[in-house]
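Chains, contacts and geometry: an overview
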Amino acid sequence: MKIFILIAISIFLVSCAIEPEPLVFGKDQCHTCKMTLMDKKFGAEIVTKKGKVYKFDDVNCLFNFYHAGTVDKNDVQHKLVIDFSSPGKLIDAGKAFFLKSSEIKSPMASQVAAFEAPPNELKAQWEATELTWDDLQHQFH
Amino acid sequence: MKAFTFIFTFLAGILVANATTFQVGSAAVPNLKKAITLAVDGDTIIIPPGVYKEGNIIIEKSITIIGRGFPVLDGENKYEILTLHGRNISIQGIHFRNTGIAGLNDIAAIKILDSHHIRIIGNKFEKTFFGIYLANSKHSWIENNELTSRGTVESQSGNGIHLWKCEHITINENTISGHRDGIYFEFVTNSMITNNHSQANIRYGLHFMFSHNNEYLYNQFVNNGAGVAVMYTKNVKMIGNHFEENWGSSAYGLLLKEIQDSEVRQNYFRKNTIGIHLESVSRTHFEGNTFNENGYAVRLQASSDDNVFTKNNFSANTFDMATNGSLVSNKINSNYWDKYQGYDLNKDGVGDIAFHPVSMFAMIVERIPAAVLLWRSFLVMLIDRAERAIPVITPEQLKDEFPSMKAYDLTEKSR
């Protein structure tokens, strides 16, 4: 009986876990601009507390949606961005390092790339400005 | 004027007198790189048939390079083949193949940077990452090229003809397949895209953003992953193009997003999941288009306004029109609808009662996509009839008040 309860609880917990979903390049569509995601170096995702997943091809598309009020900011469970240096990998946007430079040709021309580790080398190479999530929030308003 | 003629003849004389032609393969000119080193402005280099592996070749002189019998320039899956940086450069009759593939740098068979008056004419491109890539360039011609790549969704792939920050470019009679986007424009203005055939590209046959005042005439976009996407642009003319066989959950014949003051005329939309999808499109004129055998012919999002749809033919589409809102300030008059069941008592060729192109079932499917399962069921037909008589959920304002009784003759007019 105990095992049953345990299984029941574990199934319950698993089915309720609100997890980010990987971006499927070549198939998923950006929620804002409707473009099919293609460039694995760029992309972003918002997961709400109810588990609804919104996918984006560029950070400006994410902010477009984020500020539009369709989803209340308090209801956002995960904010994720793709790590430029490991294509396809989603990382926590709050902790990510962002670079902005005209050298960065992102899908929707935001000129922003995100990184998990401090991108010092590329920053110098692109003569880029380093930004945080909070800076970006104000930039793309 | 005389002085001008004199100077002109004089200059022309100098050019003709001094122009040299180099034949690659002779003792003095063993390879293409050597020929380019020897050449001066105005010279011509001829490449005989053969396979040449010379890595990356940079051209900064105003020269013409002509391939005889399609000599192959092979990038050995490592290199960008030609990098052009200059003016008055022509490249003709060369077969480019096997460029390198890189995630960070956009490696191309021919990359053109900060240049003008460049002619890329009658070349072949095979297994290239990007085919022809132009950045910060103007007054150039890309004509009669054939580009094929073998990109897949999983692998990284580049665009066939890629333009970034360019103006006054002519792209004519090229054939493009197997790339990410067949033709890609970002920040390109005052350009002509004519008679191209873009087929079986992974994402879009044609894709452009922030590219104002361009004309797209008589191109064919067939069976591309997601059709054609046109976004964030003003003053576009799309005339006489074919959008065909773009099937898939997010595939459109033509996706229009944030477009203003544009024209879409005499195009042909056949067998697309969605013929045209409009989102935030304003003041755009749709006339003389044919919509045939599409899932949705036109999907009009409520954020679009002041558009005109007139004299289009709608036939054999599952849904002629769908919308997600009720109040739509668009004019939809004098079209031909094969689903029109009205009458014409005064025989003036115009139906006497209005036609509502948005069926009730289209509205339901818009809200509950799974409901499409019930399509063609008896109940749906009944409700649709009832709704036609007394509209409840379909937008009342969205109607064609002068539906044509006969299809318009839109057979391709002489160009």
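Just so you know, these numbers come straight off a predicted model, no measurement behind them.

1. Focus: helix H2 (residues 59–68) of chain A
Residue and element names in this part refer to chain A. Within H2, 7 of the 10 residues are buried, which leaves the element mostly enclosed by the surrounding structure. Within the sequence span of H2, burial applies to Val 59, Asn 60, Cys 61, Leu 62, Phe 63, Phe 65 and Tyr 66. Looking at the buried side of H2, the elements it contacts are strand S1 (44–48), strand S2 (53–56), strand S3 (76–82), strand S5 (97–100), strand S6 (112–115) and helix H4 (133–139). A positive phi of about 90° marks Gly 69, the residue just after H2.

2. What to know about the sheet that holds S2(A)
Strand pairing within a sheet occurs via backbone hydrogen bonds; the two strands may be parallel or antiparallel. Residue and element names in this part refer to chain A. The 4 strands lie next to each other as S2-S1-S3-S4, forming an open sheet whose pairing is antiparallel. The open sheet has two edge strands, S2 and strand S4 (90–92), and neither has a second partner. The sheet shows a mean angle of 25° between the axes of neighbouring strands, direction not considered. Strands S1, S2 and S3 of the sheet are contacted by H2, whose axis makes an angle of about 30° with S1.

3. Let's talk about the interface of chain B and chain A
Counting residues at the interface gives 25 residues for chain B, matched by 18 residues for chain A. Of the roughly 1800 Å² buried where chain B meets chain A, counting both sides, 56% is carbon and sulfur surface. Our count for the chain B to chain A interface comes out at 1 salt bridge. Of the charged contacts in the structure, one is a salt bridge between Lys34(A) and Glu279(B), with a shortest N-O distance of 3.7 Å. Our count for the contact surface shared by chain B and chain A stands at 4 residue pairs in polar contact (both at pLDDT 80 or more). Secondary-structure elements contributing two or more residues to the side of chain B that touches chain A are strand S18 (183–189), strand S21 (206–209), strand S24 (227–234) and strand S27 (252–260) of chain B.

4. Re the pairing of strand S11 (residues 116–121) of chain B
All names here are of chain B. Judged from the 5 bridges that link them, strand S8 (residues 87–92) and S11 form a sheet pairing that is parallel. For Ile 89, the partnering residue across the bridge sits in S11 and is Ile 118. Relative to strand S14 (residues 138–143), S11 is paired through 4 bridges, and the arrangement is parallel. By the bridge assignment, Ile 121 is partnered in S14 with Glu 143.

5. A closer look at the nonpolar core
Nonpolar side chains in soluble globular proteins tend to end up buried together. Grouped together as the largest cluster of nonpolar side chains are 74 residues, with contacts concentrated most on Ile45(B) and Ile91(B). The residues touching Ile91(B), leaving out its near neighbours within four places in the chain, are Ile59(B), Ile65(B), Leu82(B), Leu84(B), Phe96(B), Ile110(B), Arg119(B), Ile120(B), Ile121(B) and Asn123(B). Of all hydrophobic cores here, the second largest spans 52 residues; its members include Val59(A), Phe63(A), Val71(A) and Ala229(B).

6. Focus on helix H4 (residues 378–389) of chain B
All names here are of chain B. For H4, which comprises 12 residues, the first-to-last C-alpha distance of 17 Å matches the rise-based estimate of 16 Å (1.5 Å per residue) to within 8%. When we look at burial in H4, the residues that qualify are Val 380, Asp 384 and Glu 387. Summarising the axial view, the buried residues of H4 lie within an arc of 65°, below the 170-degree limit, and thus occupy one face. Across from the buried face of H4, at angles greater than 90 degrees, the exposed residues are Phe 378, Leu 379 and Ala 389. On its buried side, H4 packs onto helix H3 (360–367).

Reading guide: rules and limits
- Residues numbered from 1 in each chain as written.
- Chains lettered and ligands numbered in written order.
- Predicted model: local features only at pLDDT ≥ 70, side-chain atom pairs only at ≥ 80, totals over all residues.
- Heavy atoms only, no water.
- Buried < 20%, exposed > 50% of the residue type's maximum accessible area, 1.4 Å probe, protein only.
- Helix = DSSP H or I, 4+ residues; strand = E, 2+ residues; numbered from the N terminus.
- Contact = heavy atoms within 4.5 Å.
- Pairing = 2+ DSSP bridges.
- Axes fitted to C-alpha atoms, helices over the stretch in contact; angles between N-to-C directions.
- Buried area = accessible area lost by both parts, 1.4 Å probe.
- Salt bridge = Lys/Arg side-chain N within 4 Å of Asp/Glu carboxyl O.
- Polar contact = N/O pair within 3.5 Å; in protein donor to acceptor, adjacent residues only side chain to side chain.
- Core = buried A, V, L, I, M, F, W, Y, C linked by side-chain atoms within 4.5 Å.
- Expected span 1.5 Å × (residues − 1).
- Arc of directions from axis to C-beta.

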